[in-house]
Amino acid sequence: MNRIKDKREYKQRGIIYLPEHVNTLKMHSNETLDHWIAKALVFRILRKLKHDIVTEFEITGMGVGDVLDLTTSVQYEIETISYPKYIRDRAEQYTRIGVEVIVIPIRKLPDDIKEREKALMEYVWE
């Protein structure tokens with residue numbers, strides 16, 4: 001059985017992942033192509049910054065999160081719905097002690113992949 005290194009006590013915050021999932025890009029079976037591309041670009045941006053991250057991690061009693069930056073304790077949630085109230089509600093829903101939650105609405109992101117990556121960089125913490 002693999003032991004989880006939990007130096008920041010993520011497990012107490014309901015965030016669970018395996019050590020072998022660190023810095024791997026995983027896909028949820030229900031993701032749209034638009035969602036997948038945005039998540040992959042966020043993954044790429046964070047890895048270029050040399051951050052350690054997990055994707056598709058378990059949040060106890062809630063489901064699965066998109067991207068968790070272990071270096072900065074920031075959780076990125078990619079959302080196709082972009083209504084301000086929905087974004088606020090989603091951020092509150094994911095809130096955990098010691099973890100900043102950033103919800104990224106992808107509906108209005110540019111179609112051009114390089115421009116999309118630039119737009120996503122605006123959300124990422126260094």
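Residues numbered from 1 in each chain as written. Predicted model: local features only at pLDDT ≥ 70, side-chain atom pairs only at ≥ 80, totals over all residues. Heavy atoms only, no water.

(A) Structural detail: the overall build of the protein chain. Within the protein chain, the secondary structure is distributed over three helices and five strands. Reading the protein chain from its N terminus to its C terminus gives the helix and strand order β-α-β-β-β-α-β-α. Counting all 126 residues of the protein chain, 40% fall into the buried class. Restricting the contact set of the protein chain to residue pairs at least 6 apart, pairs at least 24 apart contribute 56%. Carbon and sulfur atoms make up 52% of the accessible area of the protein chain, which amounts to about 7700 Å² in all. (Helix = DSSP H or I, 4+ residues; strand = E, 2+ residues; numbered from the N terminus. Buried < 20%, exposed > 50% of the residue type's maximum accessible area, 1.4 Å probe, protein only. Contact = heavy atoms within 4.5 Å. Areas by Shrake-Rupley, 256 points an atom, 1.4 Å probe, with all protein chains shown as cover.)

(B) Fine view of the environment of Thr72. With respect to the element layout, Thr72 can be found in the loop between β3 (63-69) and β4 (74-79). Along the sequence, Thr72 and Glu100 sit 28 residues apart, while their C-alpha atoms lie 8.6 Å from each other.

(C) Examining the nonpolar core more closely. The biggest cluster of nonpolar side chains holds 17 residues, and the ones touching the most others in it are Val42, Leu46, Tyr76, Ile78, Ile104, Ile106 and Leu120. Secondary-structure elements contributing two or more residues to this core are α1 (33-48), β4 and β5 (100-105). Counting residues per element, this core draws most heavily on α1, at six residues. Formed by 13 residues, the second largest nonpolar core is a distinct cluster that contains Phe57, Ala91, Tyr94 and Val103. (Core = buried A, V, L, I, M, F, W, Y, C linked by side-chain atoms within 4.5 Å.)

(D) Geometry of unusual backbone geometry. Positioned with a positive phi, Asn23 is a non-glycine residue whose angle comes to about 65°. Within the element layout of this structure, Asn23 appears in the loop between β1 (15-16) and α1. Of note, the phi angle at Lys50 is positive, near 65°, even though the residue is not glycine. As for its position among the elements, Lys50 is in the loop between α1 and β2 (53-59).

(E) Looking closely at the sheet that holds β5. Strand order in the open sheet formed by five strands is β1-β2-β3-β4-β5, and the pairing between neighbours is mixed. Two strands bound the open sheet, and with one partner strand each, they are β1 and β5. (Pairing = 2+ DSSP bridges.)

(F) Layout of α1. The first and last C-alpha atoms of α1 sit 22 Å apart over 16 residues, in line with the 22 Å expected at 1.5 Å per residue. Of all the positions in α1, only His35, Ala38, Lys39, Leu41, Val42, Phe43, Ile45 and Leu46 are classed as buried. The elements touched by buried residues of α1 are β2, β3, β4, β5 and α3 (113-121). Looking at the residues trailing α1, positive phi occurs at Lys50, about 65°. (Expected span 1.5 Å × (residues − 1).)

(G) Broad picture of the packing of α1 against α3. Here α1 crosses α3 at 65°, and the two axes come no closer than 10 Å. Between α1 and α3 lies a crossing of right-handed hand. Across from Asp34, Ile37, Ala38, Leu41, Val42, Arg44 and Ile45 in α1, the residues of α3 making contact are Ile113, Arg116, Glu117, Leu120 and Met121. Looking at the contact of α1 with α3, its residues break down into eight nonpolar, no polar and four charged. (Axes fitted to C-alpha atoms, helices over the stretch in contact; angles between N-to-C directions. Left-handed = near helix turned anticlockwise from the far one by under 90°. Nonpolar A, V, L, I, M, F, W, Y, C, P; charged D, E, K, R; others polar.)

(H) Here's a closer look at the pattern of salt bridges. For the structure shown, the criterion picks out eight salt bridges. Its salt-bridge partner being Glu117, residue Arg44 comes within 2.8 Å of it at the nearest N-O pair. Within this pair, whereas Arg44 is found in helix α1, its partner Glu117 is found in helix α3, the two being separated by 73 residues in sequence. Judged by relative accessible area, Glu117 falls into the buried class, the value being 11%. Within this structure, Glu31, Lys39 and Glu56 form a network of salt bridges that share partners. (Salt bridge = Lys/Arg side-chain N within 4 Å of Asp/Glu carboxyl O.)

So yeah, pure geometry; function would need other evidence.
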